[in-house]
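# Fold and contact review
What follows is each chain in one-letter form.
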Amino acid sequence: MEFSRRIYGYCERGFGPGPGADAFWAEPWNAITNGAFILAAILGLALAIGNRRLDGPVSWLIFLTFCVGVGSFLFHTYAVVWAAMSDTIPILIFILSYFAISMRCYGGFGWGRSLALMTSFLVLLIATSTVLRYGLDSFPGAIDVLRYEGEEDYARRAGGLVVLMVLTVLAARFVLGSLVGMGFAGSVGVTLLWVVVISLLSEAATATIPRIFPGMQSYLPALMALGGVGLWLALRGHPAGRWLLVVAAVFAVSLTARALDRPLCANFLMGTHWVWHVLNGVVLGSLIIALIRHGTGKGQTSPA
């Protein structure tokens, strides 16, 4: 991997080499608005201290929020592969961490089961992201067998598909069984239905909004998970549920702003990616506040 390879992916910097495109401050709005994450971390720290809730999970999320701000600033100033990794890795860790912490501090599961649920969630995240990205092309083996039967490439791709589907079914079985008590047959049915729905959603979105949808693919599974966990908690009467559903709505607006950065670039030269930063600062900060206010590690409302 070429860690120093330049990345041109946002409207402010431009989508290819050009005058000023390689400058440190080529993305001033995209760089400066990462202060929203730093501010969210500082406010979360102050609130946690004020409510005497600076425990391990809260401290970890505050630290990750700060890392997201720093990593994203590095990416939008240096704009190279290593800086992109410093941006995306803390975001992924935050998503996985919040899921595990939600299972522990809202759902009342033990840490062992919460981490197992997080691992299963990661498998579902990868599977959903793959299907969203490629649509029906996620299943080339089933189609190509009619054309290229016997080729080694078919066997490799078909084998990969089988492994992914088996892991997805097992992960869904564990998550659905733990959260709603669903049996194996029901879990398999829901998983297959989910794959079909996501495949059709990908195909429909690619056909109707081809310039916008690619900018949403990576984070749509996280949005779905946030809304799903929020709905699950709300149906259980947990006060964090309504909070997470509101945060999911804000995240949906944020994700839309991210996706519109390229399509609107010709008429809006500063782009809209900076809006993604500002609103995501609100999202991460709100998730920390929800944990401080409603997360006790026993699935009950805290007295704060």
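Conventions used here
Residues numbered from 1 in each chain as written. Predicted model: local features only at pLDDT ≥ 70, side-chain atom pairs only at ≥ 80, totals over all residues. Heavy atoms only, no water. Helix = DSSP H or I, 4+ residues; strand = E, 2+ residues; numbered from the N terminus. Rg over C-alpha atoms; globule rule 2.2 N^0.38 Å. Areas by Shrake-Rupley, 256 points an atom, 1.4 Å probe, with all protein chains shown as cover. Polar contact = N/O pair within 3.5 Å; in protein donor to acceptor, adjacent residues only side chain to side chain. Salt bridge = Lys/Arg side-chain N within 4 Å of Asp/Glu carboxyl O. Buried < 20%, exposed > 50% of the residue type's maximum accessible area, 1.4 Å probe, protein only. Contact = heavy atoms within 4.5 Å. Disulfide = S-S within 2.5 Å. pLDDT = per-residue confidence, 0-100. Phe/Tyr/Trp six-rings, centres within 6.5 Å; stacked < 30°, edge-to-face > 60°. Lys NZ or Arg CZ within 6 Å of the ring centre and 35° of its normal. Axes fitted to C-alpha atoms, helices over the stretch in contact; angles between N-to-C directions. Parallel < 35°, antiparallel > 145°, perpendicular 65-115°, else oblique. Nonpolar A, V, L, I, M, F, W, Y, C, P; charged D, E, K, R; others polar.

### Looking at the overall build of the protein chain
Within the protein chain, the regular secondary structure consists of 11 helices and zero strands. Listed by position from the N terminus, the elements making up the protein chain come as α-α-α-α-α-α-α-α-α-α-α. A compact globule built from 304 residues would reach a C-alpha radius of gyration of about 19 Å, and the protein chain, at 21 Å, matches this within 12%. Summing over all exposed atoms, the protein chain offers an accessible surface of approximately 14900 Å²; the carbon and sulfur share of this is 70%.

### Observations regarding the side chain of Thr 128
Relative to the assigned elements, Thr 128 resides in helix H5 (residues 111–134). A polar atom in the side chain of Thr 128 sits 2.8 Å from the backbone oxygen of Leu 124.

### Here we look at the pattern of salt bridges
Should their charged atoms come close, side chains of opposite charge can pair. The full count for this structure, using the stated rule, is three salt bridges. In this structure, Asp 22 engages Arg 6 in a salt bridge whose closest nitrogen and oxygen atoms are separated by 3.5 Å. Note that Asp 22 is positioned in the segment before helix H1 (28–32) and Arg 6 in the segment before H1, a separation of 16 residues in sequence. By relative accessible area, Asp 22 is classed as partly exposed at 42%. We note a salt bridge from Arg 53 to Asp 55, for which the minimum N-O separation is 3.1 Å.

### With respect to the environment of Phe 213
Along the chain, Phe 213 falls in the loop between helix H8 (184–208) and helix H9 (220–235). For the pair Phe 213 and Leu 260, spaced 47 residues apart in the sequence, the C-alpha separation amounts to 9.1 Å. When near neighbours in sequence (up to four residues on either side) are disregarded, Phe 213 contacts Leu 132, Ser 202, Ala 205, Thr 206 and Leu 220.

### Structural notes on the state of the cysteines
Tallying each qualifying case throughout the model produces one disulfide. The residue that forms a disulfide with Cys 11 is Cys 265, at a sulfur-sulfur distance of 2.1 Å. Measuring handedness by torsion sign, the sulfur bridge of Cys 11 and Cys 265 sits at about 85° and is right-handed. In this pair, Cys 11 sits in the segment before H1 while Cys 265 sits in the loop between helix H10 (239–259) and helix H11 (273–294), placing the two residues 254 residues apart along the sequence. Cys 265 shares its class with Cys 11; the two are buried. Unpaired in terms of disulfides, Cys 67 finds its nearest cysteine sulfur in Cys 105, a separation of 20 Å. Looking at Cys 105, the relative accessible area reads 5%, which means it is buried.

### Here's the deal with the confidence of the model for the protein chain
Summarising the model, the protein chain shows a mean pLDDT of 91, and 90% of its residues fall at 70 or more. Every residue in residues 145–149 is under pLDDT 50, and counting partners more than four places away or in other chains gives three contacts. Taken together, the stretch residues 299–304 has pLDDT below 50 and engages in 19 contacts with residues farther than four places along the chain or on a different chain.

### A few points about the packing of aromatic side chains
Enumeration over the complete set of coordinates arrives at 13 aromatic pairs. Three or more aromatic residues link up through ring pairs in this structure, and these residues are Phe 24, Trp 25, Phe 73, Tyr 78 and Trp 82. Directly above the aromatic system of Trp 276 lies the positively charged group of Arg 258, at a separation of 5.3 Å from the ring centroid. One residue, Arg 262, lies across the ring of Phe 15, its end atom 3.9 Å from the ring centre.

### Points about the environment of Trp 111
Looking at where Trp 111 falls in the secondary structure, it is placed in helix H5. A C-alpha to C-alpha distance of 27 Å links Trp 111 and Ser 86, two positions 25 residues apart in sequence. Here Trp 111 is in contact with Pro 57, Ala 100, Ile 101 and Arg 104, once residues within four sequence places are set aside.

### What to know about the packing of helix H3 (residues 56–78) against H11
Where H3 contacts H11, the two axes come as close as 9 Å, and the packing angle between them is 170°. By the angle between their axes, H3 is roughly antiparallel relative to H11. Contact residues: H3 offers Pro 57, Val 58, Leu 61, Ile 62, Thr 65, Val 68, Ser 72 and His 76, while H11 offers His 273, His 277, Leu 284, Ile 288, Leu 291 and Ile 292. Across the contact of H3 with H11, the residue classes tally to nine nonpolar, five polar and no charged.

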